[in-house]
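# A look at the structure
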Amino acid sequence: MNSSKSPGLAGFGILKNTTCHTEKKISVFFSIIFMTVGILSNSLAIVILMKAYQRFRQKSKASFLLLASGLVVTDLFGHLINGAIAVFVYASDKDWIRFNQSNILCSVFGICMVFFGLCPLFLGSVMAVERCIGVTKPIFHSTKMTSRHVKMMLTMVCLFAVLIALLPILRFRAYQIQASRTWCFYKTEHVEDWEDRFYLLLFSCLGFLALAISFLCNAVTGITLLRVKFKSQQRQGRSHHFEMIIQLLAIMCVSCICWSPFLVTMARIGISEGGSKETCETILFALRMATWNQILDPWVYILLRKAVLRNLYKITSGCCGVHVINLHMWELSSIKNSLKVAAISESPGSSKQKNLQPLSSMGQ
């Protein structure tokens, strides 16, 4: 019987001849620290985003805040669920045979690892697409990107990530206990079956595709904003765009740095013919790098805000005694005023009002 298709025995063979020896105290320490810091950071970011959404319900900002809130909530549950399972495994001395006879826990762990890995990457790319449309096609964005449509996009992204995570289960392929005996994922050791390779390559390709879409859309958005800045003298109504694009660029950089090692490692395992040459320590290091993405994401919204950056600029200029950069454009107007100006300029009735003003003055 093929062990990959027998749920009760899947992954137990790796427990006998494991080649990865991790220090239990250090590993438990890392798991607890990652989980605690991730939960606190994401909780703080959720509070900030919810307050911002209540204050600014304009369409140009609300859709971005909804997507950002979905990203942070996903990261929060990822730390909460995956971290709790990891701590339980360490507390049970990694004795999977004792508490995982039916392979249910490993299957749940593997599904959560795939879902909470791909979903933030998908949401990051959707946020980049949304900002690209908002900057390049503002009228279409203001009429079509309603809260209902954004919530539908969030639901579709989550359902697609769930489908990818459930694909091995639907194909009667159980998730495997990895060599470190601390987590479950696709089969990464002695990969010979084409289907096992397909899952690894699918995960890597989807991750790289999400990063590529984010890079392309952010590049288009940034170039468009710079062209508007240099060509137009009316710079009001654009400060909120610059704030969001800076946050998106930070998210993209963090995702690329944190996820690239893991995605590259899974792709190399998937395409290797003579068996996997990646060591357990390499895979575990790449996994911990990917975990940092869910910790750093919320700090993008905590730190990269206008108020925080303005204070940092004042502190820096006060310490250095010189004008490092010109933040006149950044401080031109508040987000509320800039959004009002943008809404008035984008409305079709604004041109009519401008034409009627000289006539009314003449009548007076």
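Residues numbered from 1 in each chain as written. Predicted model: local features only at pLDDT ≥ 70, side-chain atom pairs only at ≥ 80, totals over all residues. Heavy atoms only, no water.

With that settled, consider the confidence of the model for the chain. This prediction gives the chain a mean pLDDT of 77; 72% of its residues lie at or above 70. Looking at the elements of the chain, mean pLDDT is at its lowest for helix α11 (residues 335-346), recorded as 43, and at its highest for strand β2 (residues 184-185), recorded as 94. Counting interchain partners and residues more than four positions distant, the pLDDT-below-50 stretch residues 1-10 has 16 contacts. In this model, residues 350-364 is a region of pLDDT below 50 whose contacts with residues beyond four sequence positions or in other chains number two contacts. (pLDDT = per-residue confidence, 0-100. Helix = DSSP H or I, 4+ residues; strand = E, 2+ residues; numbered from the N terminus. Contact = heavy atoms within 4.5 Å.)

With that out of the way, let us pick up the UniProt feature "transmembrane region" (unreviewed entry) in the chain. When the UniProt feature table is mapped onto this chain numbering, "transmembrane region" (unreviewed entry) sits at residues 26-50, 62-90, 102-129, 150-170, 198-226 and 246-271. For residues 102-129, the helix share is 93%, the strand share is 0%, and the end-to-end C-alpha distance is 42 Å. Span residues 150-170 is 100% helix and 0% strand, its end C-alpha atoms 29 Å apart. (UniProt positions renumbered as here; feature names shortened; annotations may be inferred.)

Per the counting criterion, the structure on display carries six salt bridges. What emerges from the salt-bridge pattern is a single network uniting Arg 171, Arg 173, Asp 193, Glu 195 and Asp 196. (Salt bridge = Lys/Arg side-chain N within 4 Å of Asp/Glu carboxyl O.)

Turning our attention to the nonpolar core. Grouped together as the largest cluster of nonpolar side chains are 73 residues, with contacts concentrated most on Phe 185 and Phe 262. Sequence-distant contacts of Phe 262, defined by excluding residues within four places in its chain, comprise Trp 183, Phe 185, Phe 203, Ala 286, Leu 287 and Ala 290. (Core = buried A, V, L, I, M, F, W, Y, C linked by side-chain atoms within 4.5 Å. Buried < 20%, exposed > 50% of the residue type's maximum accessible area, 1.4 Å probe, protein only.)

Let us now look at helix α7 (residues 194-231). A rise of 1.5 Å per residue sets the reference length of α7, with its 38 residues, at 56 Å; its end C-alpha atoms lie 54 Å apart and thus fit the reference within 8%. Backbone nitrogen of Glu 195 and a side-chain oxygen of the N-cap are separated by 2.8 Å at the start of α7; the cap is Asp 193. (Expected span 1.5 Å × (residues − 1). Polar contact = N/O pair within 3.5 Å; in protein donor to acceptor, adjacent residues only side chain to side chain.)

This next bit is on the packing of helix α4 (residues 104-136) against helix α6 (residues 147-170). At their nearest, the axes of α4 and α6 sit 8 Å apart, and the two run at 145 degrees to each other. In terms of crossing hand, the pair formed by α4 and α6 is right-handed. Seen from α4, the contacting residues are Ser 107, Ile 111, Val 114, Phe 115, Leu 118, Cys 119, Phe 122, Leu 123 and Val 126; seen from α6, they are Met 153, Leu 154, Val 157, Cys 158, Phe 160, Ala 161, Val 162, Ile 164, Ala 165, Leu 166 and Ile 169. Looking at side-chain class alone, the contact of α4 with α6 contains 19 nonpolar, one polar and no charged residues. (Axes fitted to C-alpha atoms, helices over the stretch in contact; angles between N-to-C directions. Left-handed = near helix turned anticlockwise from the far one by under 90°. Nonpolar A, V, L, I, M, F, W, Y, C, P; charged D, E, K, R; others polar.)

The next point concerns the packing of α6 against α7. Contact geometry of α6 with α7 gives a least axis separation of 10 Å together with a crossing angle of 165 degrees. Taken together, the axes of α6 and α7 lie roughly antiparallel to each other. Helix-helix and strand crossings are classified by hand; for α6 and α7 the assignment is left-handed. Note on element contacts: α7 touches α6 through Phe 198, Tyr 199, Leu 202 and Leu 206, opposite Phe 160, Ile 164, Leu 167 and Pro 168. (Parallel < 35°, antiparallel > 145°, perpendicular 65-115°, else oblique.)

Now for the state of the cysteines. Overall, the coordinates contain one disulfide when judged by the stated rule. Linked covalently through their sulfurs, Cys 106 and Cys 184 form a disulfide whose S-S length is 2.3 Å. Because the sign of the S-S torsion sets the handedness, a value of about -125 degrees for the bond joining Cys 106 and Cys 184 places this disulfide among the left-handed ones. A residue pair is termed long-range when its members are at least 10 positions apart, and Cys 106 in helix α4 and Cys 184 in strand β2 qualify at 78 residues. Residue class for Cys 106 comes out buried when judged on its relative accessible area of 0%. No disulfide involves Cys 119; its sulfur sits 4.0 Å from that of Cys 158, the nearest cysteine. By relative accessible area, which is 0% here, Cys 119 ends up buried. (Disulfide = S-S within 2.5 Å.)

The next subject is the packing of aromatic side chains. The final tally for this structure, using the stated rule, is 17 aromatic pairs. With centroids separated by 5.3 Å and ring planes inclined at 90 degrees, the aromatic side chains of Phe 185 and Phe 203 adopt a geometry described as edge-to-face. Linking Phe 185 in strand β2 with Phe 203 in helix α7, this pair joins segments that are 18 residues apart in sequence. Accessibility expressed as a relative area gives 1% for Phe 185, which makes it buried. Using a relative accessible area of 1% as the deciding quantity, one classes Phe 203 as buried. Through a chain of ring-to-ring contacts, three or more aromatic side chains come together here, namely Tyr 175, Trp 183, Phe 185, Tyr 186, Phe 198, Tyr 199, Phe 203, Trp 259 and Phe 262. (Phe/Tyr/Trp six-rings, centres within 6.5 Å; stacked < 30°, edge-to-face > 60°.)

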